[in-house]
Amino acid sequence: MYPKLLNRIIHKITQTKYLISFGFSLSFGLFALVILLGVQQIDRTHDRIQSIVDKHNVKTGLIAQMMTAARERSLNLYHIVSINDAFERDDIFMEYHKHAAEFGFARTQLIKMKLSDQELALLNTQSRATYATVPIQEQVIDLVNADRIKQAYALLVNTAIPSQNRVIETLHKLSLLQQKSAEDIAIQNELRVKETNSLIVMLSFFALALSIFIAGSVTRRALRSENRLLIKKELADITLQSIGDAVITTDKNGIIKDMNAIAEYLTGWQKTTSDKVKLSHIFNIKCDSTLCLLLDPVDEAMQTQSIVTPETNATLIRRDDKEFAIEYTAAPICDPNGHLHGGIIVFRDVTPMRTMALQLSYQASHDALTGLLNRREFELRLEQALGHSRNEHQAQVLCYLDLDQFKIINDTCGHIAGDELLKQIAGRLKAQLRDSDVIARLGGDEFGILLEGCSIERAERLTNKILNTVKQNRFIWDNKSFEVGVSIGVVPINYMSGTISDILSAADTACYEAKDQGRNRIHIYTTDDDDLAKRRGEMNWVHRITHALDNDKFVIAYQEIVPLTEQGVNKKYYELLVRLKNDDGSLVPPMAFIPAAERFNMMPIIDKVVIAKAFDKLKSLSAQKYDIHFSINISGQSLSNPTFLDMVIETFAETGINPELVMFEITETAAIANLSRAIRFIQTLKGLGCEFALDDFGSGLSSFAYLKNIPVDYLKIDGYFVRDILDDPADSAFVESICQIGHVMGIKTIAEYVENAETMEKLRSIGVGFAQGFHIGKPKPLAELETELLDRGQNSAA
């Protein structure tokens, strides 16, 4: 702003003496413009007249050519009839066709030109007359060729020549139209010339009046400008002293000419003491990053004839060595001709703003609680380290730490205690590291350490030291003492490592493996680690399961359960089995994804999806009067989930499904592991009318001991004992004992994995009530159940 202000004052002073000459030059220019416009208008009028005349001449010539060709054809035809010499007749005949071609060519050229509606109408009339004449002329030629001269002569005189005359007459009218058009154009052009002359006269008077006005205005403006310049110079001096920024001006040698009060304060020099002193003597600035002194910016601006701004953060050192963070702009002061008169620098104190920026930058890259780097900054450092490993083959190690007892302390003593623990752990971890190592809080109770230029052996020694340090320093809060442990996943980083996501995922997996192995230990990641491969496979399944839930990829299959020894059973039972559909349409069996779903507590969500789909289908079948009962599997995680039972009850209420149509299957091991919750779950839903089956019965160690405490309706005998019942007496005896216990307790039995007729008969002979397996029917998509029921005719209404 301020360099522009000074340049503008210099410009005004120089400009004043040119105002008068400028005004008269402008007047002269106006007169020249008027003359130029008049000449251009005359030239355009002449060019237009010439263009119209040229077009008119072309049209007239083409019409004349057509008329001549038409007349010549009539004469040629007359000669053909009159001459007896065959050779001469052939020559005339060729001339006849030549004139026809000339006629056609002339007409084609005429049509290509821009024609008026009258001209087009006459050409159309000529065309119709020509089309009527040509066949007659051809007939005359045919009579001559047949040596029927009298008939040819009569046809020529009576018909052909009158018809051709009509063509010539039409062309004559077209020629007269051209003459009239030329006369009209001449009249119009004469009017245009008069208009042009009037315009030139009018513009001349206007230019004269404008010149007189400009001369008076310029004279008055020149006088006013002299007075305003003096006022502006005084205002500029006042502004310089009043503005909030510091301003210093110099001559072209860098000697200080003026400075305002803010500049005096920031530099520590008074205007009176800095007189005839070079700017570089009082304006000392240094680079914040290198701490080196910077060159005089005004000197640089005058040398380069350009505005100079700092390329880095700069600090001004005052005369008493006090420092100010500043922003500045230096510029040369030049007159309109580019002659250098001096320089100017404008600067201001930005210390508070720069301090705030540093604080914001720190907060953006650091964790507010522990003062360590945050996850975002840590990932940036990790990306840099990965680049060093690839470019320089430098060894790096990533350590992923997760506190083992943090949740207990946080839940027991509150978040304040948890925060204090995190701060103490952060301090202990940082104390174990080198200055070149990077540590960050990644979130919650998780920390990351990046060991640059470190071998895996050294990393193992360091992490063992960290384990001991964390464990030995017990956490005390409110007179309570807690032992804290940490599980650490260690991942070597080298030039063959994958992406940052791959490395962090490997570290996270290794850390969780350390927890699975007993907590408070280290697990070093290797590419051939079977345990880690299994865990990563499970974690991949988590993503696939989440994708399936989000995109409705879980589908339901059904398998029929048939009675063996139970008499009078009219119910039709179908067990529902969940499958996961891949994007390619293939189905994934449950044992491929259920272990991962159970490990990461996703089974309640899957069970909820199965129940929703089952109830929708059951509602549809019930509306069609089918007496169908569904058996639905419930996981152990769903049994222990405090909200799952309420969800089932709400779903019954929302869908209106009769609870008597639903049987839930609970595995023996899940029921025993959550015995109290399982009993409450069963009793609540049995109170509504649901039935329950204890699945995989016999697989637990205490099957019979817990049986009397679990109020189920069915025992599903584990297929492990059913599959070999024909060959293994022990399996047969075990199935018989289950069957007998069931009869005594009033519990029905269902045998799974019935794969052939012999097994089915054996189970019937033992007294098993129901059977299920591939021999009876393989699992089918639930969508096909209605079709199967229709084929069987299993409709209660039927």
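Anything mentioned here points back to the structure above.
Residues numbered from 1 in each chain as written. Predicted model: local features only at pLDDT ≥ 70, side-chain atom pairs only at ≥ 80, totals over all residues. Heavy atoms only, no water.

(A) Structural detail: the sheet that holds strand β1 (residues 246-251). The six strands lie next to each other as β2-β1-β6-β5-β4-β3, forming an open sheet whose pairing is antiparallel. Strands at the two margins of the open sheet, each flanked by one partner only, are β2 (256-259) and β3 (284-287). This sheet shows a mean twist of 35° between the axes of neighbouring strands, independent of strand direction. Two elements, strand β4 (residues 314-317) and strand β5 (residues 323-334), share four bridges in a ladder whose sense is antiparallel. Each residue of the ladder has a partner; that of A314, found in β5, is I326. Sheet strands in contact with helix α9 (residues 351-365) are β4, β5 and β6 (340-349), and its direction is about 120° off that of β5. (Pairing = 2+ DSSP bridges. Helix = DSSP H or I, 4+ residues; strand = E, 2+ residues; numbered from the N terminus. Axes fitted to C-alpha atoms, helices over the stretch in contact; angles between N-to-C directions. Contact = heavy atoms within 4.5 Å.)

(B) Region of interest: the nonpolar core. Formed by 75 residues in total, the largest nonpolar core has its most connected members in F593, F630, I632 and F664. Ranked by the residues each element gives to this core, the list is headed by helix α17 (residues 603-623), at eight residues. The residues touching I632, leaving out its near neighbours within four places in the chain, are L576, V610, I611, A614, F615, V662, M663, F664 and E665. The next biggest cluster of nonpolar side chains, apart from the first, holds 32 residues, and it includes L372, I409, L421 and A426. (Core = buried A, V, L, I, M, F, W, Y, C linked by side-chain atoms within 4.5 Å. Buried < 20%, exposed > 50% of the residue type's maximum accessible area, 1.4 Å probe, protein only.)

(C) Region of the structure containing helix α26 (residues 785-792). Taken as a whole, α26 has its buried residues at L785, E788 and L789. End-on view of α26: buried residues confined to an arc of 100°, all on one side of the axis. Relative to its buried face, α26 has exposed residues pointing more than 90 degrees away, namely L790 and D791. Here the buried face of α26 lies against β14 (554-563), β15 (572-581), α17, β17 (628-634) and β23 (780-781). (Arc of directions from axis to C-beta.)

(D) Here's a closer look at the sheet that holds strand β13 (residues 522-524). One open sheet accounts for five strands, arranged β8-β9-β7-β12-β13; its pairing is mixed. Of all strands in the sheet, those with a lone pairing partner are β8 (438-443) and β13, marking the two edges. Here the strands of the sheet are splayed against their neighbours by 20° on average, with no regard to which way each runs. Judged from the three bridges that link them, strand β12 (residues 486-493) and β13 form a sheet pairing that is parallel.

(E) A positive patch on the surface, seen in detail. Together, R220, R221, R224 and R228 line one region of the surface with positive charge. We classify R220 as partly exposed; its relative accessible area is 45%. (Patch = residues over 30% accessible without salt bridge, like charges linked within 9 Å, V, L, I, M, F, W, Y side chains within 5 Å. Areas by Shrake-Rupley, 256 points an atom, 1.4 Å probe, with all protein chains shown as cover. Salt bridge = Lys/Arg side-chain N within 4 Å of Asp/Glu carboxyl O. Lys, Arg positive; Asp, Glu negative; His and termini not counted. Charge placed at Lys NZ, Arg CZ, Asp CG, Glu CD.)

(F) Representation of the packing of aromatic side chains. Counting across every chain of the model gives 16 aromatic pairs. Aromatic side chains Y573 and Y714 sit 5.9 Å apart centroid to centroid with 70° between the ring planes, which places their arrangement in the edge-to-face category. Residue Y573 is located in strand β15, and its partner Y714 is located in strand β20 (residues 714-717); the two are separated by 141 residues in the primary sequence. Each member of the pair, Y573 together with Y714, is buried. In textbook terms, an aromatic cluster arises when at least three aromatic residues are bridged by ring pairs, as seen for F644, F664, F681 and F692. Positioned above the aromatic ring of W269, the side-chain terminus of R319 is 3.8 Å from the ring centre. The ring of Y714 is capped by K748, whose NZ or CZ atom sits 5.5 Å from the centre of that ring. (Phe/Tyr/Trp six-rings, centres within 6.5 Å; stacked < 30°, edge-to-face > 60°. Lys NZ or Arg CZ within 6 Å of the ring centre and 35° of its normal.)

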